[in-house]
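# Examining the three-dimensional arrangement
Given next are the chains, with one letter for each unit.
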Amino acid sequence: FRSRSLIHDTYSREYCEIDRYEACAVESNCPIEDGECSADAQLQLISFAKCLEWDDGCDDPASAPPCLDEAGMDTAAVTDCATGPDNGAAAIMNSIYAVANASTPVVTGFPDIRINGETTASSFPSSTKELEQAICDAYTGTKPDVCRKL
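## Examining the overall build of the protein chain
For the protein chain, the count of helices and strands is seven helices and two strands. Along the protein chain, helices (α) and strands (β) appear in the sequence α-α-α-α-α-β-β-α-α when read from the amino end. Counting across all 150 residues of the protein chain, residues that qualify as buried make up 25%. For the protein chain, the proportion of contacts with a sequence separation of at least 24, taken over those separated by at least 6, is 43%.

## Remarks on the confidence of the model for the protein chain
Scored by pLDDT, the protein chain comes out at a mean of 80, with 81% of its residues at no less than 70. Looking over the protein chain, one finds the lowest element-wise mean pLDDT in helix α1 (residues 2–29), namely 69, and the highest in helix α3 (residues 64–71), namely 95.

## With respect to the environment of Asp 19
Assignment of secondary structure puts Asp 19 in helix α1. With a relative accessible area of 32%, Asp 19 lands in the partly exposed category. Along the backbone, Asp 19 and Met 93 are 74 residues apart, and their C-alpha atoms lie at a distance of 8.2 Å.

## Digging into the side chain of Asn 29
As for its placement among the helices and strands, Asn 29 is situated in helix α1. Its relative accessible area of 16% is what places Asn 29 among the buried residues.

## Description of the environment of Asp 112
Assignment of secondary structure puts Asp 112 in the loop between α5 (88–102) and β1 (114–115). Relative accessible area serves as the criterion here: at 32%, Asp 112 is assigned to the partly exposed category. Non-local contacts of Asp 112, meaning those with residues more than four positions away in its chain, are made with Val 107 and Thr 119.

## Concerning the nonpolar core
Within the largest apolar cluster, 22 residues are counted, with the highest numbers of intra-cluster contacts made by Tyr 21, Cys 24, Ala 25, Phe 48, Leu 68 and Met 73. Sequence-distant contacts of Phe 48, that is, excluding residues within four places in its chain, are made with Tyr 21, Glu 22, Ala 25, Ala 64, Cys 67, Leu 68, Ala 71 and Met 73.

About the thresholds
Residues numbered from 1 in each chain as written. Predicted model: local features only at pLDDT ≥ 70, side-chain atom pairs only at ≥ 80, totals over all residues. Heavy atoms only, no water. Helix = DSSP H or I, 4+ residues; strand = E, 2+ residues; numbered from the N terminus. Buried < 20%, exposed > 50% of the residue type's maximum accessible area, 1.4 Å probe, protein only. Contact = heavy atoms within 4.5 Å. pLDDT = per-residue confidence, 0-100. Core = buried A, V, L, I, M, F, W, Y, C linked by side-chain atoms within 4.5 Å.

Given below as structure tokens:
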């Protein structure tokens, strides 16, 4: 029992460290207090998340700095935020959770895809076609060509 708890605690610490990097990356590129985020900044975040969570398996915080580099983000600033002694990541995570929990419906993950303020049927569309279909279903007026082909 004790060794199992130790293993669980180790995994929990690793995931917590990864969450700290992700929160600091969001703050670095798309500060919550700004309310809006440029498309380029969002693409950098997506590239970072893909590298850390998909390509590298989301199991090693040591993967974060190379993934930040690959995404073209400010690796030094994000790493300092995530690992520094001032515990800046905790306040950022609390801010993100407060905004997410105050949303209707509640934000449960990234990306949070909403069309006309509503979440899509699937939080994570399984394909571009599924996302295009959801957009076309909600589209009013003359539909673009892509909608006619679905």
